[in-house]
Structure formats: C-alpha cells, structure tokens
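Given next are the chains, with one letter for each unit.
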Amino acid sequence: MKVLNNINIKLILVLMIGTMVLTACEDFLEQSPEAVIEEKTIFSDILTYQGFVEDIYQGVTDVTLGGTVVTNFNFGDDVICSHPRSLDQAFDRGNNWAWMDDASFSLYLGDQDYENNNERYDTRGVWDSGWGGIRKSNIGFEKLDQLVNATEEETNIIRGQLHFFRGYYHFDILKSWGGIPYITKAFEPTDNMRLERLSYSQVADSVAKDLMEAAQLLPKDWNETEMGQRTSNQNLGRLTKGAAYAYLGKNYLYAASPLMSGGTETDDYNLEKVEKAAEAFA
C-alpha cells in the first residue's frame, strides 16, 4: 500500500509539473499585437525602412579582426602561413574546395588566445555576409514602391544606401574570388540560380554603376539632412557621397590591374580604368 501511495504521489507531481510547463509555453507563445510587425509596416515608413537598411551595415566584414588565417585571402602565395588551418596548405594539396568549410569565409576569425587555446569568432564573413547583403539590398529595392511616408530626400538616401551596398558586397566577393554573377533581384526558391559567371571586368563595371548611382544620391554629411537631424551628431559610420566615390575608385583601380585580366607577361594596366579611378578619388 505504501508503495502504491508513493507511485500515486509521483504521478500527481509529474502531472502538476507538466501542466505548469505547458501553461508557461502557452503564455510564451501568446504574442501581444505590438510584437507582430507586418511587412507593409516596415516598408511604408521611413524610420522602419531605415531600420531594415541598418541591418545591411551589420554584414560588413571587419578585416582588422582577422588573425593568422587572414593570409587565406592571399592566393598568390606572397605570404606563407604555417597555421594548421591555413587554406594555402589545403590548396597546395589540391583541395581547392577547402574554403567551403573554412571558418574565415563564413565566420571571420577574431581575437586569439593561444595560451588558453581559445578563439572567438565574429559572425561576419566575405562569402556568407556578402551574398546576404546583396539579397537584402535587392529586397530593399523591390519594396521601395511601398514607401509612402517619406520625402524625396529621404527616399534618395534609402536608395543611395541600397545601391552602395549592392555594389560594395559584389566588390568584396569579386576581389577574393574573381568573376561572379551580378545579382539584381531577390531570388525565390523556384528561380533558376544557375547563372553565368561574368569576367572580373564585367562585374567591376556593374559595381561601378551601383556605386556611381550611390554617389549621386547619398549626402555629403548626414547632419545636414532632414533625415540625419533625427540622429544629429550620431551619424558617424553612415554611408556618404565620399564613401561611394572612395569605393568607386578602389573598384576601378583593382579592375585596372593586370592581375585581374589574366596576369600574363604581355598584360598591362587598363589605362581607361586607371583614369576613372583617379577621377573618382579626386
């Protein structure tokens, strides 16, 4: 009888705990109306639209966080790295797909503490964050017709940031991998994604178009705009006309190099792109 009583007590306790857990889960899943933000709300108002664009800033890879594996990006073997996870060694063994599994391309290697065998990772990387930034930029373009609560200046600043980021992220991938498709739409799962790989020069020309458009639309100084006044004197790091021209020049300068057109002994600098780079920098 005592054994049965103990069993009954345990069953009652289990049922009580189960009821409490299920009730807690139910309460947790009951969202308040304020917690649910619809897409049309995000893209109809300038403040929430800029909030969407702010997220694209977060994908920019900070190369200063790179440790020894930063030489993974130096495929010319100008730098020799003995780090056991260096891609140089994998490539030398013929494993040219090693970059697919290397952390520095999806997660940028951060601070290293060799003494305690501890490594920290940033969540940004050229490959993953690059394509993610391109997709978010294209989503931003496709939703612009929903933006009704904005002045012409505010719309231009949104558009300018989207043009910059689409060009910038393509350039970031381009300078590491060479020619890639240039993506100007947000893909659906049913879309054909087997796209033509363009030459370095072709991609650089498309990057230049986006960055030139960004340079025309972005402000010289956010503090001097109506939109920037909302965050007056706290706009450091936001994209400006100068930033767009700087990357436009960098893009042309890289594309002008013989390394980007085959790298043979007969190749020379593309003087037309050199002149465009100088004009942008000026």
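Rules used throughout
- Residues numbered from 1 in each chain as written.
- Predicted model: local features only at pLDDT ≥ 70, side-chain atom pairs only at ≥ 80, totals over all residues.
- Heavy atoms only, no water.
- Helix = DSSP H or I, 4+ residues; strand = E, 2+ residues; numbered from the N terminus.
- Buried < 20%, exposed > 50% of the residue type's maximum accessible area, 1.4 Å probe, protein only.
- Contact = heavy atoms within 4.5 Å.
- Areas by Shrake-Rupley, 256 points an atom, 1.4 Å probe, with all protein chains shown as cover.
- Phe/Tyr/Trp six-rings, centres within 6.5 Å; stacked < 30°, edge-to-face > 60°.
- Core = buried A, V, L, I, M, F, W, Y, C linked by side-chain atoms within 4.5 Å.
- Axes fitted to C-alpha atoms, helices over the stretch in contact; angles between N-to-C directions.
- Parallel < 35°, antiparallel > 145°, perpendicular 65-115°, else oblique.
- Left-handed = near helix turned anticlockwise from the far one by under 90°.
- Nonpolar A, V, L, I, M, F, W, Y, C, P; charged D, E, K, R; others polar.
- Salt bridge = Lys/Arg side-chain N within 4 Å of Asp/Glu carboxyl O.

Right, let's talk about the overall build of the chain for a bit. From N to C terminus, the chain includes ten helices and two strands. Helices and strands in the chain line up, N terminus first, as α-α-α-α-α-β-β-α-α-α-α-α. With 282 residues in all, the chain has 37% of them scored as buried. Taking contacts inside the chain between residues at least 6 apart in sequence as the whole, the part at least 24 apart equals 62%. Entry remark: accessible area of the chain is about 17400 Å², with carbon and sulfur atoms responsible for 55%.

Moving on to the packing of aromatic side chains. Here the structure, examined in full by the defined rule, presents 13 aromatic pairs. Judged by centre distance (5.0 Å) and plane angle (70 degrees), the ring pair of phenylalanine 43 and phenylalanine 52 falls under edge-to-face. There is no split in this pair, since phenylalanine 43 and phenylalanine 52 are both buried. Aromatic side chains phenylalanine 164 and phenylalanine 165 sit 5.7 Å apart centroid to centroid with 85 degrees between the ring planes, which places their arrangement in the edge-to-face category. Take phenylalanine 164: its relative accessible area is 3%, and that puts it in the buried class.

Residues Tyr49, Val53, Leu144, Ile158, Leu162, Phe164 and Phe165 are the most contacted members of the largest nonpolar core, which totals 45 residues. Elements supplying a minimum of two residues to this core: helix H3 (46-57), helix H6 (126-142), helix H7 (152-177), helix H8 (200-217), helix H9 (241-256) and helix H10 (271-281). A per-element tally of this core places H7 first, with eleven residues. The residues contacting valine 53, other than those within four sequence positions of it, are Ile158, Gln161 and Leu162.

Secondary-structure assignment places arginine 166 in helix H7. On the accessibility criterion, arginine 166 (11% relative accessible area) is buried. Ignoring sequence-local partners within four residues, the contact set of arginine 166 consists of Ile134, Ser137, Asn138, Phe141, Tyr182, Ile183, Thr184 and Asp210.

Packing of H3 against H7 brings their axes to within 11 Å, and their N-to-C directions diverge by 15 degrees. The angle between H3 and H7 places the two elements in the roughly parallel class. Both H3 and H7 take part in a crossing whose hand is left-handed. Counted together, Ile46, Tyr49, Gln50, Val53, Ile56 and Tyr57 of H3 and Glu154, Ile158, Gln161, Leu162, Phe165 and Tyr169 of H7 form the full contact between these two elements. When grouped by side-chain class, the residues that make up the contact of H3 with H7 number nine nonpolar, two polar and one charged.

A separate point is the environment of lysine 175. Along the chain, lysine 175 falls in helix H7. As for lysine 175 and alanine 255, which are separated by 80 residues in sequence, their C-alpha atoms are 9.1 Å apart. Aside from chain neighbours lying at most four places away, what touches lysine 175 is Tyr200 and Tyr254.

What follows covers the pattern of salt bridges. Scanning all chains against the criterion turns up nine salt bridges. Here arginine 166 and aspartate 210 are joined by a salt bridge, their closest N and O atoms 2.9 Å apart. Highlighted residues: arginine 166 in helix H7 and aspartate 210 in helix H8, separated in sequence by 44 residues.

This part covers the environment of tyrosine 168. Its location among the elements puts tyrosine 168 in helix H7. Judged by its relative accessible area of 6%, tyrosine 168 is buried. When the C-alpha positions of tyrosine 168 and glycine 133 are compared, they lie 9.1 Å apart, and in sequence the two are 35 residues distant. If near-sequence neighbours (up to four positions away) are discounted, tyrosine 168 is found in contact with Val60, Leu211 and Tyr247.

Honestly, it's all geometry; don't read function into it.
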